[in-house]
Amino acid sequence: LFVHGMTVAMAQEAVGTGSTNVSDGINIAKDRFFHLLGGAILVGLILLIGFMLLIIPGLIAAFLLMFTFVAIVVEDLGPMQGIKRSLEVVKSHLGDVLILFVAILVMGVIIGVASAAFGFIPILGQAVQAVLSGLFGGYVSVVMVLAYRELSQPQPVPQA
């Protein structure tokens, strides 16, 4: 939870300024810790219920709530506001967000299979798994921040 918030904060800073550092990520995550904790509890309960109702409701919930933590960190929102903001962004850009969601799922499956394949190699396999997981997590954080920034911009109204 804390590291995810820190990663999103660092991705936001890198996207906005072109550079970042760990201390800024730690400070932002510390400032928003209770909002992230509340968001994690609420999103976790929603996903738990969704996945208990079979896989599809859980995937739909994950899809609708995919920007919750990014919204909490980037816009300094509370847990409920982060959930509402995620819902707004997803609903207003359904097609684009669906493509992003599927792409992240597919990449996650590929990374998971590759990671599992390396898991059979003693010591080196665990190191490769950690590197793959870290690279994937960082990449997804940057992509989510970029997508959120792009999709949450006010859309120009076409002139008649």
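Since the model is a prediction, treat every value here as computed from it, not as a measurement.

1. Quick notes on the packing of helix α1 (residues 2–17) against helix α8 (residues 124–151)
Stage number 1. Where α1 meets α8, the axes come as close as 9 Å, and the angle between the chain directions of the two elements is 55°. Between α1 and α8, the angle falls in the class oblique. Crossing angle aside, the handedness with which α1 passes α8 is right-handed. Contacts between α1 and α8 involve H4, T7, V8, A11, Q12, V15 and G16 from the first element and G137, G138, S141, V142, V145, L146 and R149 from the second.

2. A few points about the confidence of the model for the chain
Stage number 1. Residue-level pLDDT values for the chain average 90, and 96% of them are 70 or greater.
Stage number 2. Highest mean pLDDT in the chain belongs to helix α6 (residues 79–92) (95); lowest belongs to α1 (87).

3. Let's talk about the layout of surface pockets
Stage number 1. Here the largest pocket defines a volume of roughly 410 Å³.
Stage number 2. Every residue lining the largest pocket is counted, 15 residues in all, and those nearest its centre are A62, L65, M66, F101 and M144.
Stage number 3. Secondary-structure elements contributing two or more residues to the lining of the largest pocket are α3 (33–52), α4 (55–64), α5 (68–74), α7 (94–118) and α8.
Stage number 4. Split by residue class, the lining of the largest pocket holds 13 nonpolar, two polar and no charged.

4. Here we look at the packing of aromatic side chains
Stage number 1. For the structure shown, the criterion picks out four aromatic pairs.
Stage number 2. Look at F63 and F101: their rings are 5.4 Å apart centre to centre, the planes differ by 70°, and that puts the pair in the edge-to-face class. A residue pair is termed long-range when its members are at least 10 positions apart, and F63 in helix α4 and F101 in helix α7 qualify at 38 residues.
Stage number 3. Judged by its relative accessible area of 13%, F101 is buried.
Stage number 4. Here the aromatic rings of F67 and Y148 are separated by 5.8 Å at their centres, their planes lie at 45°, and the arrangement is tilted. Of this pair, F67 sits in the loop between α4 and α5 while Y148 sits in helix α8, placing them 81 residues apart in sequence.
Stage number 5. Classification of F67 by relative accessible area gives buried; the value is 0%.
Stage number 6. Looking at Y148, the relative accessible area reads 1%, which means it is buried.
Stage number 7. Put simply, the rings of F2, F33 and F34 pair up and form one aromatic cluster.

Parameters and conventions
Starting from 1, residues in each chain are numbered consecutively following that chain's sequence as written. Residues qualify for local features only when their pLDDT is at least 70, as the model is predicted, and side-chain atom pairs are given and counted only at 80 or more; totals for whole chains, interfaces and linings, by contrast, use all residues. The side-chain values count all of the structure's non-hydrogen atoms but skip hydrogen atoms and water molecules. Between N-to-C directions, angles cover 0 to 180 degrees, with each direction set by a line fitted to C-alpha atoms, over the stretch in contact for helices. Comment: elements are numbered from the N terminus, with helices defined as DSSP H or I runs of at least four residues and strands as E runs of at least two. For classification purposes, angles smaller than 35 degrees are called roughly parallel, those larger than 145 roughly antiparallel, those between 65 and 115 roughly perpendicular, and all remaining angles oblique. In this scheme, a crossing is called left-handed if the near helix is turned counterclockwise away from the far one by less than a right angle; it is called right-handed if the turn is clockwise. Residues count as neighbours in contact if any of their non-hydrogen atoms are within 4.5 Å of one another. Each residue carries a pLDDT value, the predictor's own confidence for that position, ranging from 0 to 100. Here a cavity denotes a set of grid points, spaced 1 Å apart and computed over the protein atoms alone, in which a 1.4 Å probe fits but from which it cannot get out, and a pocket denotes an open set meeting protein on both sides within 12 Å along at least five of seven lines; residues with an atom within 4 Å of a point are reported as lining. Grid points are joined across faces, edges and corners, and a volume is the space filled by probe spheres set on the points. Any residue that is not Ala, Val, Leu, Ile, Met, Phe, Trp, Tyr, Cys, Pro, Asp, Glu, Lys or Arg is counted as polar, Gly included; the first ten are nonpolar and the last four charged. Ring pairs shown here join Phe, Tyr and Trp side chains whose ring centres sit within 6.5 Å, with only the six-membered ring taken for Trp; geometry is labelled stacked below 30 degrees between planes, edge-to-face above 60, and tilted in between. With a 1.4 Å probe rolled over the protein chains alone, any residue whose accessible area is under 20% of its type maximum counts as buried; one over 50% counts as exposed, and the rest are partly exposed.

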